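Spelled out, the chains give:
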Amino acid sequence: MNVSHSINAFSTSKKTIVTLGTFDGVHLGHQSILNKLLEATENGVYESVVLTFYPHPRMVLQQEYSLQLLNSIEEKTVLFEQFGIDHLIIHPFDETFSKLSAEAFVQKILVDQLHIHKIIIGHDHRFGENRTATIHELISFGEKYHFEVEQINAEAINKIAVSSTNIRTALANGSIQLANRYLGYDYFFSGKVILGKQLGRTLGFPTANLILLEPYKLIPKEGAYIVYSTLNNTRIFGMMNIGNNPTVGENERSIEVHFFDFNEDLYDKIVCISLLEFIRPEEKFSSVEALKTQLEKDRDFSKKFVKDNFHTAS
C-alpha cells in the first residue's frame, strides 16, 4: 500500500476508485464500503484510494470537544494495509481545507488530483464547507465532471447496525465482546512499558506498566480485563487493570498488564494490547491480602476463559 501524507503528494498513472471519511475504528460498517472498493478494482484497470484526514475534523472545528478515538492514525494505517488497499492518503485537516466549497473539492481534489473514475460512499455522507453538500449534489457533480457515484444504501449499513459511536459506548460500558463484534477484530492499543512501583511483583503478579502512545486513544472503563499481546512472535495472554489502585492509596490512573507464564523484561519496549473480556470493575479492598486473593480469582477466571476459547491455558 502506498501512503501519501497529503493530497498533493499523491500520484498514479491509473484512474482511481475512491472512498473518503474519517473511518474511526475501521469497523464492519466501514469494511462493507472497503469491500465494494476492492471489488471495483479487482480487474486491475483502476486503483483503490482511501482518503482520510488527520487530525480528526472535530478536533479542529470543535476544539473544546474532547473526542476519544478508536484508532490512532498509525493503527488505522495498519488496518487499511491489511485490507489490501492500493493507496491511502492522510491529508492534514485544517480550517482552510474545511472552507473548501463542495464543487472546489470535487474539481480540485477528486478530479484533478485523484483522477477519479468512481466514488463509493455511505448514504449519509456530507462534504464541502459546513458539510452542506449531500449525495444529490455529488451525483450532479459526477455528471458534470464525468465520474460515477456509488452509494451504499441505508438498508445495507443498518443491516450491520454498527457505528463508531456504538463501539465507543460498548467500550465505555466494558462490553468488550460486543465492541469486538462490531469492529470485526479485537480492540487494541499500544503503550510504552515504564517503571512502576512494582507492587504487583510483591503480590506475585508482576506487571508491565504502560503509558499510552496516543493521547486521544479511547481507553475502556476502569476495571480488570482479559488481554493478549504478541511477544517474540508468540501470543501471550494475561490480565490488565485500568484504574487508580485504591487499595494502596494511588490516585493517578494506571494501565498495568500481568502476562501469564512470561518473565522477560519489557521495560522501555512498545507493547500492543488486545482486549478480550471485561472481568470486573475496579474496587477498593479491605487489605492488600484481600487484593491478592481477588487477583488469584481473576487469574483463574482468565485462564479458564482462554482455555475455553483458545484451547490453551497459557
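Everything in this summary refers to the structure shown in the same document. None of these values were measured; they are calculated from a predicted model.

Helices and strands together make up the secondary structure of the protein, namely eleven helices and twelve strands. Counting only C-alpha atoms, the protein reaches 75 × 40 × 35 Å along its principal axes. For the protein, the residues scored as buried account for 49% of the 314 residues in total. Intrachain contacts of the protein at a sequence separation of at least 6 include 73% that bridge at least 24 residues. By element, 47% of the accessible surface of the protein is carried by carbon and sulfur atoms, the whole surface being about 15,900 Å².

Moving on to the sheet that holds strand E4 (residues 87–92). Hydrogen bonds along the backbone pair up the strands of a sheet, which may run parallel or antiparallel. Strand order in this open sheet of six strands is E1-E4-E3-E2-E5-E6, and the pairing throughout is parallel. Each of the sheet's edge strands pairs with one partner strand only, and the pair in question is strand E1 (2–4) and strand E6 (148–152). Going from strand to strand, the sheet's axes swing by 20° on average, the running direction of each strand aside. Inspection of the sheet shows E1 paired to E4 by three bridges, in the parallel sense. In the strand pairing of E4, Asn-2 is matched with His-87. Against the sheet, helix H5 (residues 102–113) contacts strand E2 (16–20), strand E3 (47–54) and strand E5 (116–122), and its axis sits at roughly 120° relative to E5.

The next thing to look at is the environment of Glu-137. Within the secondary structure, Glu-137 is located in helix H6 (residues 135–145). For Glu-137, a relative accessible area of 34% gives the class partly exposed. Between the C-alpha atoms of Glu-137 and Glu-150, which are 13 residues apart in sequence, the distance is 13 Å.

We now examine the nonpolar core. In this structure, Met-240, Phe-259 and Ile-273 are the most contacted members of the largest nonpolar core, which totals 48 residues. Ranked by size, the runner-up nonpolar core spans 27 residues in total, among them Val-49, Ile-119, Ile-121 and Leu-138.

Bringing the pattern of salt bridges into the picture now. Counting across every chain of the model gives ten salt bridges. Between Glu-75 and Lys-217 there is a salt bridge; the shortest N-O distance is 2.6 Å. Taken together, the residues span a long stretch of sequence, with Glu-75 in helix H3 (residues 73–83) and Lys-217 in the loop between strand E8 (208–212) and strand E9 (223–231) at a distance of 142 residues. Among the residues examined, Lys-217 registers a relative accessible area of 4% and is labelled buried. In this structure, Lys-303 engages Asp-261 in a salt bridge whose closest nitrogen and oxygen atoms are separated by 3.8 Å. Of this pair, Lys-303 sits in helix H11 (residues 288–310) while Asp-261 sits in the loop between strand E11 (254–259) and strand E12 (270–281), and the two are 42 residues apart along the sequence. Looking at Asp-261, the relative accessible area reads 56%, which means it is exposed.

Spatial strand order, E7-E8-E11-E10-E9-E12: six strands in a closed barrel with antiparallel pairing. Ignoring strand direction, the axes of neighbouring strands in this sheet form an average angle of 45°. With four bridges connecting them, strand E7 (residues 188–194) and E8 associate as antiparallel partners. Paired with Gly-191 across the two strands is Leu-212, which belongs to E8. Most of the contacts of helix H9 (residues 176–183) go to E12, to which it runs at about 130°, and overall it touches E9 and E12. Packed onto the sheet, H11 meets E9, strand E10 (234–243) and E12 and runs at close to 105° relative to E12.

Following the criterion strictly, the structure yields two cavities of 30 Å³ or more and no others. In this model, the largest cavity occupies a volume close to 70 Å³. Split by residue class, the lining of the largest cavity holds four nonpolar, four polar and two charged. Approximately 30 Å³ is the volume found for the second largest cavity. Lining the second largest cavity, in full, are Leu-20, Phe-105, Val-106, Leu-110, Ile-119, His-125, Phe-127 and Leu-138. For the lining of the second largest cavity, the leading source of residues is H5, giving three residues.

Rules used throughout
Residues numbered from 1 in each chain as written. Predicted model: local features only at pLDDT ≥ 70, side-chain atom pairs only at ≥ 80, totals over all residues. Heavy atoms only, no water. Helix = DSSP H or I, 4+ residues; strand = E, 2+ residues; numbered from the N terminus. Buried < 20%, exposed > 50% of the residue type's maximum accessible area, 1.4 Å probe, protein only. Contact = heavy atoms within 4.5 Å. Areas by Shrake-Rupley, 256 points an atom, 1.4 Å probe, with all protein chains shown as cover. Pairing = 2+ DSSP bridges. Axes fitted to C-alpha atoms, helices over the stretch in contact; angles between N-to-C directions. Core = buried A, V, L, I, M, F, W, Y, C linked by side-chain atoms within 4.5 Å. Salt bridge = Lys/Arg side-chain N within 4 Å of Asp/Glu carboxyl O. 1 Å grid on protein atoms, 1.4 Å probe; cavity = no way out; pocket = protein on both sides within 12 Å on 5 of 7 lines; lining within 4 Å. Points joined across faces, edges and corners; volume = space filled by probe spheres on them. Nonpolar A, V, L, I, M, F, W, Y, C, P; charged D, E, K, R; others polar.

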